[in-house]
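Close look at the chain arrangement
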Amino acid sequence: MSRFSLYEEEFHPAPWRQTWHSFKEDHVSMIGFILFLTMVSLALLAPLLAPTSPSVQNTDALILPPSWDTAGSINFILGTDALGRDVLSRLMYASRVTFSSALTVVLISLLVGVTVGTLAGMLRGIRSSVLNHLLDALMAIPTLLIAIIIVGIFGVGLLNTIWAITLALIPQFIHVTRNYVSEQMDNDYIRASKLDGATPFQIFYYSLLPNLSEMLVVQGTLAMSIAIIDISALGFLNLGAQSPTPELGAMLAEGLDIAYITPWNIILPGLFIFLFVLAINIVGDGLRAALRARTSR
Amino acid sequence: MMAVIIRYLLLFVITLSVLICFSLALAHMFPGDPLTNLSGVTTENAKVIEHLANKWAIDTNPIHYFMNYCSLLLQGDWGISTISGNQLAADMARVIPATIELSIYSAFIAICIGVPLGCIAGIKAYTKIDYSINAASIIQYSTPVFWSGLAFILIFCFQLKLFPLSGRISVLFNIPHQTGFVLIDIFLAENIDRKAAFMNCLHHMVLPSLAVGLVSAAALARLVRRSVIDVLNKPYISAARSRGLPFKTIFFNHVLRNSLLPVLPLAAIQITTLITNAMIIEVLFSWPGVGNFLLQAIYQQDYSALRIGMLVVSTLVISLTIFADLLNRIIDPKKGSVSDVSI
């Protein structure tokens, strides 16, 4: 890159920019990123792109195979399900539901997790020790169990599973944040700002958070893939989104009844979940590698 | 050493009492009468209700209530299931071993596939072999377990007819319930063709354990790969190389043990994922384990069974995690240093 340099100063891109540069150099990560953008835009633009509404039933076109099959029809590109609903439109609306609930889950648990994790990391002594050990133990309780309990108390529904998965993901964010914060608290730059009279909140906001943010993005992508798999798993077990709501896991469960006649009804929703999670995992891996490349430079 | 063990024991006791407390609270949070949720008995008979209230000490002060609940739990009187009327302790003794069995097979598969693949990928880092192992693991890791389970059923059970669809063993074999672990029960059973039963049982468990094990194998391979790469860059490996040691010696004496050590705590976190996946796969393959039990309980709104199931599963998972943590603390000479490895 040629740039005019009067004072022979080197070009120092901002940290985020450096990460983006090394992320961009990796082709696999970029393909994952493009796949991710495609999936997200499919989900976001569902009302514009979807051929029909996800709940319209075409009684004259039940269990139609996808259009490339000889028995298929071009009107229903990915075929129809047992109630004659267009699978493509349902898939797009379903990924909208699944993706947005996963995003909500991750954002809430990130917010709560970082707050509690910072407190736990800054605390010293017995309070911190009790909190940490209890959290470590609670982290081990499986999501499915928490979800079953919450569904037992409040009944089935997408919203309840969102709460359940949020509860299950919070400890992970707390764990990561707390480890990082308690590690950083011994560093000189924190001590310097303490000597400057910074309050704990100022230390957090000006000194810790900028360092923390990238790690949180990486952890967030990991949590996002877990959240998508969990939401669809609960939908699949009939604990999450209920029948008329299109949701990827619930669609899979609906397709299960006639899976032997219409395998595409379980293959396609599963493929969508898989592509979402794969894209997020590849992007997460690429980000992690880029961050490692930058910090070890 | 003793201090560490006592500390972990204390942690275990505290966590366990939190869980018991929580399960007691659940009886009040679930819909319906708390007494029914505790005992599992639905009755209008005033005498019976009074007896039950006395037994579970429901109207006494909270501390006595809690202690009484603990002592009932210790005596093995866990109440009965509202729907089936079975003793819950007996139900748990039946379903928990089945889940543990599935988890053990899956963990075995995960370790047998994941660790060698991770080592190979780590040694051949940034070559074609590494990239293909990495790609395979990320693809496997991204596949939802219920979907791969379904794919297994469609391909291997329906199309190829290679493996049976459901259960742990063919119903034609009459295996009396002794330990709950079907492989052990086969050897304890009398008057059956042990070899045929054993083969039948192996046949039944291939698909479920593969479905669960492969996901964990992928995660494990990624962890091991990263750790091996990190260790290979350490100065002591260069020192060993410059001394002219053959690579085999370097790998088995210096790399392997040092790289598996930091993987252990992270692999312990995977226990939770493994058990969750096992519980989901149980539903698909009608494996008579605790996942199936809990889901039946929630579909039928059997709250006393849910309360006990939640307590038992979380106790199981947490004791496994704490034990793995303790084990790691004991074999790791740099104790106190928490996980310093990443994916």
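Parameters and conventions
- Residues numbered from 1 in each chain as written.
- Chains lettered and ligands numbered in written order.
- Predicted model: local features only at pLDDT ≥ 70, side-chain atom pairs only at ≥ 80, totals over all residues.
- Heavy atoms only, no water.
- Helix = DSSP H or I, 4+ residues; strand = E, 2+ residues; numbered from the N terminus.
- Expected span 1.5 Å × (residues − 1).
- Bend = angle between axes of the 7 residues up to and from the residue.
- Disulfide = S-S within 2.5 Å.
- Buried < 20%, exposed > 50% of the residue type's maximum accessible area, 1.4 Å probe, protein only.
- Contact = heavy atoms within 4.5 Å.
- Buried area = accessible area lost by both parts, 1.4 Å probe.
- Salt bridge = Lys/Arg side-chain N within 4 Å of Asp/Glu carboxyl O.
- Domains from an automatic or database assignment.
- Polar contact = N/O pair within 3.5 Å; in protein donor to acceptor, adjacent residues only side chain to side chain.
- Nonpolar A, V, L, I, M, F, W, Y, C, P; charged D, E, K, R; others polar.
- Axes fitted to C-alpha atoms, helices over the stretch in contact; angles between N-to-C directions.
- Parallel < 35°, antiparallel > 145°, perpendicular 65-115°, else oblique.
- Left-handed = near helix turned anticlockwise from the far one by under 90°.
- Patch = residues over 30% accessible without salt bridge, like charges linked within 9 Å, V, L, I, M, F, W, Y side chains within 5 Å.
- Areas by Shrake-Rupley, 256 points an atom, 1.4 Å probe, with all protein chains shown as cover.

In this section: helix H11 (residues 247-284) of chain B. All names here are of chain B. Under the 1.5 Å per step criterion, the end-to-end length of H11 is only 45 Å for 38 residues, more than 12% shorter than the ideal 56 Å. Its axis deflected by about 40 degrees at Leu264, H11 carries its strongest bend there, up to four residues before the proline Pro265. Positive phi appears at Ser286, one or two residues downstream of H11, with a value of about 50 degrees.

Next up on the list: the environment of Ala50 of chain A. You can see Ala50 of chain A is positioned in the loop between helix H3 (46-49) and helix H4 (87-122). The sequence separation of Ala50 of chain A and Leu234 of chain A amounts to 184 residues, and the corresponding C-alpha distance is 25 Å.

So, on to the state of the cysteines. All names here are of chain B. Per the counting criterion, the structure on display carries 0 disulfides over all chains. Its sulfur unpaired, Cys119 is 13 Å from the next cysteine sulfur, which belongs to Cys112. Its sulfur unpaired, Cys201 is 15 Å from the next cysteine sulfur, which belongs to Cys157. In this structure Cys201 comes out as buried when scored by relative accessible area, which is 1%.

Attention now goes to the interface of chain A and chain B. Counting residues at the interface gives 39 residues for chain A, matched by 45 residues for chain B. Across the interface of chain A and chain B, roughly 3,900 Å² is buried in total on both sides, 78% from carbon and sulfur atoms. Across the contact surface, chain A and chain B share 1 salt bridge. A salt bridge links Arg222 of chain B to Asp285 of chain A; the shortest N-O distance between them is 3.1 Å.

All right, on to the domain arrangement of chain B then. Residue and element names in this part refer to chain B. Taken domain by domain, chain B comprises domain 1 (1-39 + 41-78 + 303-343) and domain 2 (100-301). Summarising the inter-unit geometry, the C-alpha centres of domain 1 and domain 2 are found 29 Å apart. Listed per partner, the contact involves 19 residues of domain 1 and 22 residues of domain 2. Carbon and sulfur atoms make up 81% of the area that domain 1 and domain 2 hide from each other, which totals about 1,800 Å². Joining domain 1 to domain 2, the criterion identifies 1 residue pair in polar contact (both at pLDDT 80 or more). When the residues that make up the side of domain 1 that touches domain 2 are grouped by side-chain class, the tally is 13 nonpolar, 4 polar and 2 charged.

This next bit is on the packing of helix H6 (residues 143-154) of chain A against helix H7 (residues 158-184) of chain A. Residues and elements named next belong to chain A. Relative to each other, H6 and H7 sit at 140 degrees, their axes nearing to 8 Å. By the angle class used here, H6 and H7 are oblique. H7 is crossed by H6, and the crossing has right-handed handedness. For the pair formed by H6 and H7, the contact residues are Thr143, Ile146, Ala147, Ile150, Val151 and Phe154 on the first element and Asn160, Thr161, Ala164, Ile165, Leu167 and Ala168 on the second. Of the residues assigned to the contact of H6 with H7, the class counts are 9 nonpolar, 3 polar and no charged.

Turning our attention to a nonpolar patch on the surface. Residues Leu62, Ile63, Tyr260 and Ile261 of chain A together with Phe158 and Leu165 of chain B make up a contiguous nonpolar surface patch of about 540 Å² in total accessible area. In this structure, Leu62 of chain A sits in the loop between H3 and H4. Among the residues examined, Leu62 of chain A registers a relative accessible area of 42% and is labelled partly exposed.

Turning next to the side chain of Ser207 of chain A. Here Ser207 of chain A shows up in helix H9 (residues 200-236). Residues within four places of Ser207 of chain A in sequence aside, it is in contact with Tyr189, Ile190, Ser193 and Gln202 of chain A.

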